[in-house]
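What follows is each chain in one-letter form.
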Amino acid sequence: MLSVSALSKSFGNTPVLQSCSFTLPVGDVLAVLGRSGCGKTTLLKVLAGLEAPDSGDVQFDGRSVLGIPAERRQVVYLYQEPLLFPHLNVFENVAFGLRIRNVPGPDVTAQVEAMLASLELSDQARKQPNQLSGGQRQRVSFGRALIIRPRLLLLDEPFGNLDAQTRATMQDLFRTVAAAYAMTALFVTHDTREALTIGTRFGYLEAGQLTTYDSRSAFIDDPRTGIQADVNFWTSMYAGQ
Ligand SMILES: Nc1ncnc2c1ncn2[C@@H]1O[C@H](COP(=O)(O)OP(=O)(O)OP(=O)(O)O)[C@@H](O)[C@H]1O
């Protein structure tokens, strides 16, 4: 269980996170919706250990991780643009985290093959990253992150650079793989539909203040998410025909 309490962060005199609190049970995906500049990236950086908060705490199973450096937090941060090793093929990119942990070769093969199959990448295993599409590269990047079973996966608009159709496919695949691997994740996006598709829990971040919701319907009912306005728009368009 991840518990974040009263996390605050300012840059100079500008407060960017203001007393953000939430809990996230293992296996849940918190989708955080927020407009540009609301503090999404800063929140992820603080959770990853790349920025220190001014106050507040981040705990896993009741233990603070604030004193633990980023590389030892077992938290993986995935960006919009997947970062892959250009000289390694798809299989070896996914295998990397296991190789550096000295996992025996046959176990590496079995785990990587299973991961590639679940990400629908089995046919791409021998390709180099520059021979892949954007969506495929992003899937390799997921595989590389998931294979080491991080405690928490942080995703910063990971499908932002993809076309609408690929984005929808990736959202479905992400949801399936997240459930299969009981992944605990925080997913930030400015796309309401994406938040609804991906999340098992929901939050809204505005001017550094995080609201979390007890249910999907409570999230939908908050006028700030813009969902009701969208529904009204499409209803009025339909009625006008
Ligand atoms: N290192 C920094 N120094 C000073 N100000 C910063 C720093 N990092 C972020 N900020 C400011 O904090 C605010 C929030 O930035 P952040 O990157 O968290 O926003 P965001 O919600 O991820 O936005 P976007 O969706 O546009 O990437 C912005 O006003 C930004 O200018």
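Residues numbered from 1 in each chain as written. Predicted model: local features only at pLDDT ≥ 70, side-chain atom pairs only at ≥ 80, totals over all residues.

**What to know about the pairing of strand β7 (residues 152–156)**
At step 1: The buried fraction of β7 amounts to five of the five residues, a majority that puts the element mostly inside the structure.
At step 2: Burial of the side chains of β7 extends over both faces: Leu152, Leu154 and Asp156 are buried on one face and Leu153 and Leu155 on the other.
At step 3: Summarising the sheet, strand β6 (residues 75–78) and β7 pair through four bridges and their orientation is parallel. Paired with Tyr77 across the strands is Leu154, a residue of β7.
At step 4: Handedness of the crossover joining β7 and strand β8 (residues 185–189) through helix α5 (residues 164–180): right-handed. (Buried ≥ 20, exposed ≤ 12 C-beta atoms within 10 Å, placed from the backbone. Helix = DSSP H or I, 4+ residues; strand = E, 2+ residues; numbered from the N terminus. Pairing = 2+ DSSP bridges. Right-handed = clockwise from strand over helix to strand, strands pointing away.)

**What to know about the UniProt feature "domain: ABC transporter" (unreviewed entry) in the protein**
At step 1: Cross-referencing UniProt, the feature "domain: ABC transporter" (unreviewed entry) maps to residues 2–232 in the present numbering.
At step 2: Helix makes up 35% of residues 2–232 and strand makes up 26%, while its end C-alpha atoms are separated by 37 Å. (UniProt positions renumbered as here; feature names shortened; annotations may be inferred.)

**Observations concerning the pairing of strand β10 (residues 209–212)**
At step 1: Pairing of strand β9 (residues 201–206) with β10 involves four bridges; the strand directions are antiparallel. In the sheet register, Glu206 faces β10, and the bridge partner there is Gln209.
At step 2: Hairpin connection from β9 to β10: two residues lie between these consecutive antiparallel strands, with Ala207 at a positive phi of about 50°.

**Some words on the site of the ligand**
At step 1: Taken together, Phe11, Val16, Gly34, Ser36, Gly37, Cys38, Gly39, Lys40, Thr41 and Thr42 make up the full set of residues near the ligand.
At step 2: If you tally residues by element for the shell around the ligand, the top one is helix α1 (residues 40–48), at three residues.
At step 3: Considered class by class, the residues forming the shell around the ligand number three nonpolar, six polar and one charged. (Near = placed C-beta within 6 Å. Nonpolar A, V, L, I, M, F, W, Y, C, P; charged D, E, K, R; others polar.)

**Remarks on helix α2 (residues 90–99)**
In an α-helix, one turn spans 3.6 residues, which is why side chains three or four residues apart end up on the same side.
At step 1: Among the ten residues that make up α2, seven are buried, leaving the element largely enclosed by the rest of the structure.
At step 2: Looking at the buried positions of α2, the neighbouring elements they touch are α3 (105–118) and α4 (134–146). (Contact = placed C-beta atoms within 7 Å.)

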